[in-house]
Structure formats: structure tokens, C-alpha cells
Amino acid sequence: MRRPHLVGTESTGALTYVSNSGYTSSVRWKRGGVIVVLYATDHDPRHVHVFEDGKRLLKFSLESWTVMAGTLTPNARKALDALREEGAFNEKPNVQGH
């Protein structure tokens, strides 16, 4: 089985990974040492996983703009706010069956 592949970057600087069937599996952004990942087939509510220094910091709801689990650091807040301002979270990925 082949792994999802990178298709390129978008205007927001996102790295988009696409499954073999052509549907988005995840989108990844990096801002100031913070990595934010949106898994296209993840459970509701719509949320991202945030990593800093190679460790998962938190799960963050894009619907209520609140922490679901973990701790929000100043750097993570800055990265999330920047991505929101850039419009990175405005569109849902192209996911099969959704």
C-alpha cells in the first residue's frame, strides 16, 4: 500500500497530502516553530492538532475556537491566530464521501 503523497503548497503555505484515490488526507502548516495539522477524516467537531518542539501540545476546535485538550502556549496561540487571519481554516478539505 502506498502512502499519501504531497501535492504542493497553497497560498497559506500549507502542505497538502493526498491519498491514492485523490482525496485530501491531511493539511499541515508551520508558523514560528509551531506545526498545525488538520486531518481530513478526523471526528467532529472540526479541529486541528498543534505541535511545538516535536511534541503534541493540544487539540483545538476550529468551530468554537477553544482548546479541546492540552495546553495553549503563547506561540501556539500566535500561530493559530495567524492561520485564522490568513484564511487557512476557511475551506474544508476534499474528502471522499463528504
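Because the structure is a prediction, the values reported are computed rather than measured.

One pass over the structure, following the stated rule, counts three aromatic pairs. Ring centres 5.3 Å apart and planes at 80° place the aromatic pair Trp-29 and Phe-89 in the edge-to-face group. Note that Trp-29 is positioned in strand E3 (residues 24–31) and Phe-89 in the segment after helix H1 (74–86), a separation of 60 residues in sequence. We classify Phe-89 as buried; its relative accessible area is 9%. Relative to Phe-89, the ring of Trp-65 has its centre 6.1 Å away and its plane inclined at 55°; by these criteria the two rings are tilted. On the criterion of sequence distance, the pair formed by Trp-65 in the loop between strand E6 (55–61) and strand E7 (66–70) and Phe-89 in the segment after H1 is long-range, its members being 24 residues apart. For Trp-65, a relative accessible area of 14% translates into the label buried. Arg-84 extends its terminal NZ or CZ atom over the ring of Trp-65, reaching a point 4.1 Å from the ring centre.

Here the focus is the confidence of the model for the chain. Caution applies to low-pLDDT regions: their predicted coordinates should not be interpreted in detail. Predicted confidence across the chain gives a mean pLDDT of 78, with 68% of residues reaching 70 or more. For the chain, per-element mean pLDDT is lowest for strand E1 (residues 5–9), which scores 43, and highest for E7, which scores 97. A low-confidence stretch, residues 1–11 stays under pLDDT 50, and its non-local contacts, those more than four residues away or across chains, total 22 contacts.

Residues Trp-29, Val-36, Val-48, Val-50, Leu-80 and Phe-89 are the most contacted members of the largest nonpolar core, which totals 17 residues. Those elements giving two or more residues to this core turn out to be E3, strand E4 (34–39), strand E5 (47–52), E6 and H1. Considering every element that reaches this core, the biggest residue donor is H1, with four residues. Ignoring any residue separated from it by four or fewer positions in sequence, one finds Phe-89 in contact with Trp-29, Val-36, Arg-46, Val-48, Leu-62, Trp-65, Leu-80, Leu-83 and Arg-84.

Next up on the list: the environment of Ser-61. When you line up the elements, Ser-61 lands in strand E6. For Ser-61, a relative accessible area of 3% corresponds to the buried category. A sequence separation of 14 residues divides Ser-61 from His-47, and the C-alpha atoms of the two residues are 4.3 Å apart. Ignoring anything within four residues of it in the chain, the contact list for Ser-61 reads Pro-45, Arg-46, His-47, Thr-66 and Met-68. A distance of 3.2 Å separates the side chain of Ser-61 from the backbone nitrogen of Glu-63, its partner in a polar contact.

What counts and how
- Residues numbered from 1 in each chain as written.
- Predicted model: local features only at pLDDT ≥ 70, side-chain atom pairs only at ≥ 80, totals over all residues.
- Heavy atoms only, no water.
- Phe/Tyr/Trp six-rings, centres within 6.5 Å; stacked < 30°, edge-to-face > 60°.
- Helix = DSSP H or I, 4+ residues; strand = E, 2+ residues; numbered from the N terminus.
- Buried < 20%, exposed > 50% of the residue type's maximum accessible area, 1.4 Å probe, protein only.
- Lys NZ or Arg CZ within 6 Å of the ring centre and 35° of its normal.
- pLDDT = per-residue confidence, 0-100.
- Contact = heavy atoms within 4.5 Å.
- Core = buried A, V, L, I, M, F, W, Y, C linked by side-chain atoms within 4.5 Å.
- Polar contact = N/O pair within 3.5 Å; in protein donor to acceptor, adjacent residues only side chain to side chain.

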